[in-house]
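Tertiary structure, described
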2 protein chains.
Amino acid sequence: MPLMTAEVLAVGTELLLGEIVNTNAQFFAQELAALGISHHWQTVVGDNVERIHQGLAQATARSQLVLCTGGLGPTPDDLTTEAIAGYFQTPLVEHPQIFADIQAKYARRGLATPENNRKQALLPQGAEILPNPKGTAPGMIWSPRPDVTVMTFPGVPSELQTMWRETAVPYLQAQGWVTGVIVSQNLRFWGISEAALAAKVQDFFTPTNPTVAPYASKGETRLRITARAADREIALALIAPVSAQLQQRVGMDCYGLDGDTLAQVVGQLLQTRGDTLAVAESCTGGLLGAMITEVAGSSSYFQGGVVSYANGVKEDLLGVPAELLTTQGAVSAAVAMAMAVGVRERLATTWGLSITGIAGPGGGSEAKPVGLVYIALAGAGGRVTPWEHRFSPERGREWIRHLSANQALDHLRRTLLNAV
Amino acid sequence: MPLMTAEVLAVGTELLLGEIVNTNAQFFAQELAALGISHHWQTVVGDNVERIHQGLAQATARSQLVLCTGGLGPTPDDLTTEAIAGYFQTPLVEHPQIFADIQAKYARRGLATPENNRKQALLPQGAEILPNPKGTAPGMIWSPRPDVTVMTFPGVPSELQTMWRETAVPYLQAQGWVTGVIVSQNLRFWGISEAALAAKVQDFFTPTNPTVAPYASKGETRLRITARAADREIALALIAPVSAQLQQRVGMDCYGLDGDTLAQVVGQLLQTRGDTLAVAESCTGGLLGAMITEVAGSSSYFQGGVVSYANGVKEDLLGVPAELLTTQGAVSAAVAMAMAVGVRERLATTWGLSITGIAGPGGGSEAKPVGLVYIALAGAGGRVTPWEHRFSPERGREWIRHLSANQALDHLRRTLLNAV
């Protein structure tokens, strides 16, 4: 069972032109850490045979596993496979089943397969197919020398990630190359700043196993608990008590773990209660509904909603009184409340959740600046609660809309948690 | 005036653990391209002296300018400056004004300067200070050999960017190393695969100036035209005729340039005509509305919409006949058409655009598999057009929803372009 070091060789002129950021390198970094595989180098080169060769020379001199990303497409500038074969002086051979697969994928969409795709069926002699269930072309797993394994992945992140998890990781495990693990758990927080959270739990920031570190991301805060151990079970057992203590300390500000979203957590709470939800959106324009319906199975509690971008739609579809719009303005607590009540009644749901605000860049005034957002929640018995928020206008339209939709979900979450 | 090649050497264990993504490399890639400085390699190593030395050996053997990021902080794992000095066997010397500056920055925040920060005042003998107006520690500009210049920057993006623009770029210009520019234009396509597009324009893929290269990204296809020239004006003049020829060749499949989105392009077309739009969404749950309202100023043509996730909402708010839902099913061309007509009538708009489909993972059947999506567009005079799409179920829910919303916008775009 040799000690293995992996490195990432990303191929793509679009990376060297700065058109995209190398998130694939970050993905592999996280995954290799989780598997306990050492990883000391990441390199980016363009779509250029000579430099791919030079990159392979460097990588194979110091690492036993080289993860190549990009350059597997059907066009002439996609050179990775043939450059790798050339570097190891091995001929390319055609795999008819690859091209048959590609043809089947096109056919299912009612399309003919372009002749260009034929080159994607070529792999170096001796290489195994690394299947790509999400896209047209597969990658490969190949050991051209006893001390080196090369894997190739397309640059499209969703394809690469599926191929890694479904085929590459089991392969590495079967080879006995996964010897220990680093496991992280993230606690996710809404409604508390990184500094405030850090102050609350700073006695946890000691260099022990597991470690705890705070960070901020897209308007929310996280605590990452990281454990090193021989296997995943042991690592999780180290994490569990620390996670429990932290959750107890911070209480309701912690909305979930790892990949949880506010929409998921709210969905589970609604489902448990047998409640239903409808939304009325103005400045978010559908974003709140889109977040809620990102969750598979959301149709069991989400009925739908109204995007009332124009005032006329607020009146006609939600029954907001014209007088309220005139006297209070569309961005007001009163209108948010009328929207929430209106959508709840018309869609006959347990809860009605509404957002109205000024996302900018235009439309602000001194009294009602960009970033002013009202959220309201209507429940049983005519109860309706409004909240006022003032988000930083400098952060821009997209940020304000993102915060607004998540904040609305968080208000609903806290209400459901507090309800008997 | 020597020809210069630059490369990026990022130092940081946090990059190799995947805790952050290397946006600094993307920033330098964009900046170097804009300055016309060739840039063929990017490397990431951890906070490790031996590997920083190896990275410097590689970089200085093939590039004349090495941009190092990260590892300039005050803690023991910040090793970049001393590793560089060590590699070139040059002693570190203290710059008292650097420490005085750091003390002044702390004092302004009412804090004493930790003794740790003293090491940030050390630079290799002969290096110039690269001032850091936004953070505590500066970087350096140093030519340890006549053929090599090394610059160091902290890893914090805002500090690095300010240092680059305020000091590093003027330095490169003064050295005569900025001799031209590389400018790219992206043509963006919807509704044509990368392979099909490549086949249509493959005579453009020749190594001339400008170059043309295709790539695929998030369900769409792009052609990137890249020109090298003495200045931006000349580069744009080289790009313009090629761009025009390509647009003429591919016609309506090209929806825009560079940062354009389908929602923006559709918005401009609607605005020009004085038309208005309303949407009715089922499986996308608000995503289409969210995309449309991402565009600032969209309130001038977008009235709003109905998210009719439940069948009852389709009946009550859109007037879809219950019988249609029973006989045809909610995912059918007939229901998509009724939704489009219904939302257009109720919101009194020029156009009504609808989506109903099966985003999965559940809800599919043999007759109506996951990925089956109907889109309909209702216009004046009772005209209504349905489209059927079968998106790859393997791509998953998020992908199907993303494609569905963009595809709906593209149908509207093509209809508006074809309308007299």
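Rules behind the numbers
Residues numbered from 1 in each chain as written. Chains lettered and ligands numbered in written order. Predicted model: local features only at pLDDT ≥ 70, side-chain atom pairs only at ≥ 80, totals over all residues. Heavy atoms only, no water. UniProt positions renumbered as here; feature names shortened; annotations may be inferred. Helix = DSSP H or I, 4+ residues; strand = E, 2+ residues; numbered from the N terminus. Buried < 20%, exposed > 50% of the residue type's maximum accessible area, 1.4 Å probe, protein only. Contact = heavy atoms within 4.5 Å. Lys, Arg positive; Asp, Glu negative; His and termini not counted. Charge placed at Lys NZ, Arg CZ, Asp CG, Glu CD. Expected span 1.5 Å × (residues − 1). Pairing = 2+ DSSP bridges. Axes fitted to C-alpha atoms, helices over the stretch in contact; angles between N-to-C directions. Buried area = accessible area lost by both parts, 1.4 Å probe. Salt bridge = Lys/Arg side-chain N within 4 Å of Asp/Glu carboxyl O. Polar contact = N/O pair within 3.5 Å; in protein donor to acceptor, adjacent residues only side chain to side chain. Nonpolar A, V, L, I, M, F, W, Y, C, P; charged D, E, K, R; others polar. Phe/Tyr/Trp six-rings, centres within 6.5 Å; stacked < 30°, edge-to-face > 60°. Lys NZ or Arg CZ within 6 Å of the ring centre and 35° of its normal. 1 Å grid on protein atoms, 1.4 Å probe; cavity = no way out; pocket = protein on both sides within 12 Å on 5 of 7 lines; lining within 4 Å. Points joined across faces, edges and corners; volume = space filled by probe spheres on them. Core = buried A, V, L, I, M, F, W, Y, C linked by side-chain atoms within 4.5 Å. Domains from an automatic or database assignment. Parallel < 35°, antiparallel > 145°, perpendicular 65-115°, else oblique. Left-handed = near helix turned anticlockwise from the far one by under 90°.

An unreviewed UniProt entry lists chain A under the name CinA-like protein, from Gloeomargarita lithophora Alchichica-D10. Per its UniProt entry, chain A bears the Sequence similarities (unreviewed entry) comment "Belongs to the CinA family."

1. Description of the overall build of chain A
Across its full length, chain A carries 14 helices and 17 strands. By principal-axis analysis of the C-alpha atoms, chain A measures approximately 80 × 55 × 40 Å. Looking at chain A residue by residue over its 420 residues, the buried ones come to 56%. Taking the intrachain contacts of chain A between residues at least 6 apart in sequence as the baseline, contacts between residues at least 24 apart amount to 67%. Between the averaged position of the 30 positive side-chain charges in chain A and that of its 36 negative side-chain charges there is a distance of 5 Å.

2. Focus: the UniProt feature "domain: MoaB/Mog" (unreviewed entry) in chain A
As recorded in UniProt, the sites labelled "domain: MoaB/Mog" (unreviewed entry) are residues 7-175 of chain A. The span residues 7-175 of chain A is 41% helical and 24% strand by assignment, and the distance between its end C-alpha atoms comes to 17 Å.

3. So, helix H9 (residues 262-273) of chain B
Residues and elements named next belong to chain B. The end-to-end C-alpha separation of H9 is 17 Å, in line with the 16 Å expected for 12 residues at 1.5 Å each. Of all the residues in H9, the buried ones are Leu262, Ala263, Val265, Val266, Gly267 and Leu270. Looking at the packing, one finds that the buried side of H9 touches strand E12 (254-257), strand E13 (277-281), helix H10 (287-293), strand E15 (351-357) and helix H14 (397-418). Downstream of H9 by one or two residues, Gly274 has phi in the positive range, about 75°.

4. Considering the sheet that holds E12 of chain B
Residues and elements named next belong to chain B. Spatially, four strands are ordered E10-E11-E9-E12 in an open sheet, and the strand pairing comes out antiparallel. The strands lining the two open edges of the sheet, one partner per strand, are strand E10 (211-217) and E12. Averaged over all adjacent pairs, the angle separating strand axes in this sheet is 25°, with direction ignored. Pairing of strand E9 (residues 181-189) with strand E11 (residues 220-229), which is carried by nine bridges, proceeds in the antiparallel orientation. Paired with Val183 across the bridge in E11 is Ala227.

5. So, the interface of chain A and chain B
Taken together, the contact between chain A and chain B spans 74 residues of the former and 74 residues of the latter. Across the chain A to chain B interface the summed buried area is about 5,700 Å²; carbon plus sulfur atoms make up 56%. Of all residues in chain A, Leu16, Trp41 and Tyr309 of chain A give up the largest surface area on contact with chain B, accounting jointly for 10% of the area buried on that side. Our count for the chain A to chain B interface comes out at four salt bridges. In this structure, the salt-bridge partner of Arg224 of chain A is Glu19 of chain B, at a minimum N-O distance of 3.2 Å. At the boundary of chain A and chain B, one finds 35 residue pairs in polar contact (both at pLDDT 80 or more). In terms of residue class, the side of chain A that touches chain B is made up of 29 nonpolar, 30 polar and 15 charged. As defined by bridge partners, strand E2 (residues 38-45) of chain A adjoins strand E2 (residues 38-45) of chain B across five bridges and the pair is classed as antiparallel. In the strand pairing of E2 of chain B, Val44 of chain A is matched with Gln42 of chain B.

6. Comments concerning the pattern of salt bridges
On inspection of all chains with the given rule, the structure shows 31 salt bridges over all chains. Salt-bridge contacts for Arg118 of chain A lead to Glu94 of chain A; the nearest nitrogen and oxygen are separated by 3.8 Å. One end of the pair, Arg118 of chain A, is in the loop between helix H5 (96-108) and strand E5 (122-124); the other, Glu94 of chain A, is in strand E4 (residues 92-94), with 24 residues separating them in the sequence. Of the residues examined, Glu94 of chain A reaches a relative accessible area of 40% and is grouped as partly exposed. The partner of Asp147 of chain B in a salt bridge is Arg145 of chain B, with the nearest N and O atoms 3.1 Å apart. Its relative accessible area of 40% is what places Asp147 of chain B among the partly exposed residues. The network of salt bridges with common partners includes Lys200, Asp253, Asp410, Arg413 and Arg414 of chain B.

7. Some points on the packing of aromatic side chains
Two aromatic rings, taken as a pair, are described by how far apart their centres are and by the angle between their planes. Under the criterion given, the structure shown has 16 aromatic pairs over all chains. Pairing Tyr87 of chain A with Phe88 of chain A gives two aromatic rings, centres 4.9 Å apart and planes at 85°, and the pair type is edge-to-face. A relative accessible area of 13% places Phe88 of chain A in the buried class. Taken together, the aromatic side chains of Phe27, Phe28, Phe153 and Trp164 of chain A make up a single cluster linked through ring pairs. The cationic tip of Arg395 of chain B hangs over the ring face of Trp399 of chain B; the distance from NZ or CZ to the ring centre is 4.3 Å.

8. Here we look at the sheet that holds strand E10 (residues 211-217) of chain A
Residues and elements named next belong to chain A. Spatial ordering of the open sheet is given by E10-E11-E9-E12, a layout of four strands whose pairing is antiparallel. The sheet terminates laterally at E10 and strand E12 (254-257), the two strands that pair on one side only. Shown here is a sheet whose adjacent strand axes are inclined to one another by a mean of 25°, direction ignored.

9. Let's talk about empty space enclosed by the protein
Over the atoms rolls a probe the size of a water molecule, and its path tells where empty space is left. Here the structure, examined in full by the defined rule, presents one cavity of 30 Å³ or more. Of the volumes computed, that of the largest cavity is approximately 160 Å³. Contributing to the lining of the largest cavity are 18 residues, with Asn22, Ala25 and Gln42 of chain A together with Asn22 and Val44 of chain B lying nearest its centre. Broken down by secondary-structure element, the contributors of at least two residues to the lining of the largest cavity are helix H2 (23-35) and E2 of chain A together with helix H2 (23-35) and E2 of chain B. For the lining of the largest cavity, the per-class residue count stands at 10 nonpolar, eight polar and no charged.

10. Notes on the side chain of Arg188 of chain A
Residue and element names in this part refer to chain A. Within the secondary structure, Arg188 sits in strand E9 (residues 181-189). In terms of polar contacts, Arg188 uses its side chain to reach the side chain of Glu220, at 2.9 Å. In contact with Arg188, other than residues within four places in its own chain, are Glu220, Thr221, Arg222, Asp253, Cys254, Tyr255, Gly256, Leu257, Asp258, Gly259 and Asp260.

11. Considering the nonpolar core
Formed by 90 residues in total, the largest nonpolar core has its most connected members in Leu277, Leu288 and Leu353 of chain A together with Leu277, Leu288 and Leu353 of chain B. Beyond its immediate chain neighbours, meaning those up to four positions away, Leu277 of chain A contacts Leu270, Ile292, Tyr301, Phe302, Gln303, Gly304, Thr349, Trp351, Leu353 and Leu412 of chain A. Val335, Ala338 and Val343 of chain A together with Leu318 of chain B belong to the second-largest nonpolar core, a separate cluster that totals 30 residues.

12. Points about the domain arrangement of chain A
Often the size quoted for an interface is simply the accessible area lost on bringing the parts together. Structurally, chain A comprises domain 1 (5-174), domain 2 (181-257) and domain 3 (262-418). One C-alpha centre belongs to domain 1 of chain A, the other to domain 2 of chain A, and the line joining them spans 34 Å.

13. Details of the packing of helix H11 (residues 311-318) of chain A against helix H13 (residues 333-346) of chain A
Residues and elements named next belong to chain A. Running from N to C, H11 and H13 point in directions that differ by 40°, and their axes come no closer than 9 Å. On the basis of their axis angle, the class for H11 and H13 is oblique. Considering the relative orientation of H11 and H13, their crossing is left-handed. Facing H11, whose interface residues are Lys314, Asp316, Leu317 and Leu318, H13 presents Val335, Ala338, Met339, Gly342, Val343 and Arg346. Class assignment for the residues of the contact of H11 with H13 results in six nonpolar, one polar and three charged.

14. A word on the environment of Ala174 of chain B
Its place among the elements puts Ala174 of chain B in helix H6 (residues 157-174). Sequence separation between Ala174 of chain B and Gln185 of chain B is 11 residues; the distance between their C-alpha atoms is 28 Å.

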